[in-house]
Each structure stands twice: as structure tokens, then as C-alpha cells.
Amino acid sequence: MLYAIISEDITNSLLLRIETRPAHIKRLNDLKDQGRLILAGPHPAIDSNDPGEAGFTGSLVVAEFADLAAAQTWADADPYVAAGIYANVVVKPFKKVLP
């Protein structure tokens, strides 16, 4: 089943994100290589694909996991969680309807 992992950043997370990004991206690429990643990306803090110093306010990952517990375990092990970048992470089942 698919699960949405919706994360909210702490204030001024950009420098921590930059430092931690390689490990975070590696895990996402692992999901992609397994054919389980549907989409992933950050929420820019301003109305721009490249927010510069404004940074990001959080992230969204939609991926396939065996169950909610497995999705939660994966989300809890994110390097952004360990680095203290995420203030809040919500994991919930997701039903893709379109496209």
C-alpha cells in the first residue's frame, strides 16, 4: 500500500538540510531503485522552485510500504529526523486516484 510521509521543518532549517541532504537523498534513491517511490520533494518556503536563502518548510514522500508500521519505521529513521530538521512528521495511508 502507499503511504504519505508529510514532514514539517523547524525554523531556519536550510543549513542543516544542506549538510544532511546526501544521506537523505540516498535513502530516497534506495526506495526508487526498489520501485517503491512514487514521489518525493520539499516544500519551498516561498512561491519559487528555487527559494534560495528562504529555504524549505517541510517535505512530502509518497512510497509503497508493507504496512503503516513499516512506513513509520522508515520515516523515523530519516537522517533529517536524526539531525533535528523535522519538527513534526505525519505518516498516513495514501490512495492514488489520478493520474
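Residues numbered from 1 in each chain as written. Predicted model: local features only at pLDDT ≥ 70, side-chain atom pairs only at ≥ 80, totals over all residues. Heavy atoms only, no water.

1. Looking at the nonpolar core
Rules: For the purposes of this section, nonpolar cores are sets of buried Ala, Val, Leu, Ile, Met, Phe, Trp, Tyr and Cys residues that join through side-chain atoms within 4.5 Å. Note on classification: 1.4 Å probe, protein chains only; a residue is buried when its accessible area is under 20% of the maximum for its type, exposed when over 50%, partly exposed between these limits. Elements are defined by DSSP. Helices are runs of H or I of four residues or more, strands are runs of E of two residues or more, and each kind is numbered from the N terminus.
Among the nonpolar cores identified, the biggest contains 11 residues, and these are Y3, I5, L28, L31, V61, A63, F65, A71, W74, A75 and V91. Breaking this core down by element, the ones donating at least two residues are strand 1 (2-9), helix 1 (14-33), strand 3 (56-64) and helix 2 (68-76). Tallying contributions element by element places helix 2 first for this core, with 3 residues.

2. A word on helix 2
For an α-helix, the turn length of 3.6 residues means that residues three or four places apart are oriented alike. This is how the line gets drawn: Directions pointing from the helix axis toward each C-beta atom define the arc. When checking whether two residues touch, look at their non-hydrogen atoms; a contact exists if any pair is within 4.5 Å. Each polar contact in these results corresponds to two N or O atoms within 3.5 Å; when the atoms are within protein, one needs to be able to donate a hydrogen and the other to accept it, and residues that are neighboring in sequence are counted only if both atoms are side-chain atoms.
Residues of helix 2 that are buried include every one of A71, W74 and A75, and no others. Seen along its axis, helix 2 keeps its buried residues to an arc of 100°; they face one direction. Contact partners of the buried residues in helix 2: strand 1, helix 1, strand 3, helix 3 (79-82) and strand 4 (86-94). Where helix 2 begins, the capping side chain belongs to D67, and its oxygen is found 3.2 Å from the backbone nitrogen of A69.

3. Overview of the pattern of salt bridges
A side chain of one charge can pair with a side chain of the opposite charge if their charged atoms are brought near each other. How we decide: We count a salt bridge whenever a side-chain nitrogen from Lys or Arg sits within 4 Å of a carboxyl oxygen from Asp or Glu.
Throughout the structure, instances matching the rule amount to 3 salt bridges. Between R17 and D9 there is a salt bridge, with its nearest N and O atoms 2.6 Å apart. Summarising the burial analysis for this pair, R17 and D9 share the class buried.

4. Some remarks on the packing of aromatic side chains
Selection rule: Only the six-membered ring of Trp is used, alongside the rings of Phe and Tyr, when aromatic pairs are assigned; centres must lie within 6.5 Å, and planes under 30 degrees apart are stacked while those over 60 apart are edge-to-face, with the rest tilted. The rule is short: NZ of Lys or CZ of Arg within 6 Å of the ring centre and within 35 degrees of the ring normal puts a charge over the ring.
Across all of its chains, the model carries 3 aromatic pairs by this definition. Ring pairing ties together the aromatic residues Y3, F65 and W74, which thus form one cluster. Across the ring face of W74, the terminal group of R27 is positioned such that the distance to the ring centre comes to 4.1 Å.

5. As for helix 1
Let me state the cut-off plainly: The span expected for a helix works out to 1.5 Å for each residue beyond the first. At any given residue, the bend is defined as the angle formed between two axes, one fitted to the seven residues that end at that position and one fitted to the seven that begin there.
The end-to-end C-alpha distance of helix 1, which contains 20 residues, comes to 27 Å, matching closely the 28 Å that a straight helix rising 1.5 Å per residue would cover. Maximal helix bending in helix 1 amounts to about 60°, located at T20; proline P22 follows within four positions. The set of residues buried in helix 1 consists of R17, T20, H24, R27, L28 and L31.

6. As for the side chain of T20
Here T20 shows up in helix 1. Its relative accessible area of 12% is what places T20 among the buried residues. Not counting residues up to four positions away in its chain, the partners in contact with T20 are P79, Y80, A83 and I85.

7. Side note on the sheet that holds strand 3
Rule in force here: The pairing criterion for strands is at least two bridges between them, as found by DSSP. Lines are fitted to the C-alpha atoms to define the axes, a helix being fitted only along its stretch in contact, and any angle between axes, read from their N-to-C directions, falls within 0 to 180 degrees.
Judged by pairing direction, the sheet is antiparallel, and its 4 strands sit side by side in the order 2-3-1-4 without closing on themselves. The outermost strands of the open sheet, each flanked by one partner alone, are strand 2 (37-44) and strand 4. Sheet twist, expressed as the mean angle between neighbouring strand axes with direction ignored, is 10°. Taken strand by strand, helix 1 contacts strand 1, strand 2, strand 3 and strand 4, and its axis lies near 10° from that of strand 3.

8. A closer look at the pairing of strand 1
Two faces make up the sheet, and in a regular strand the side chains alternate between them. Taking burial as the measure, the 8 residues of strand 1 include 6 buried ones, the bulk of the element. Note that strand 1 and strand 3 share 7 bridges and pair antiparallel. Among the inter-strand pairings, A4 is bridged to a residue of strand 3, identified as V62. Alignment of strand 1 against strand 4, held across 8 bridges, turns out to be antiparallel. Across the sheet, the residue bridging to I6 is V90, located in strand 4.

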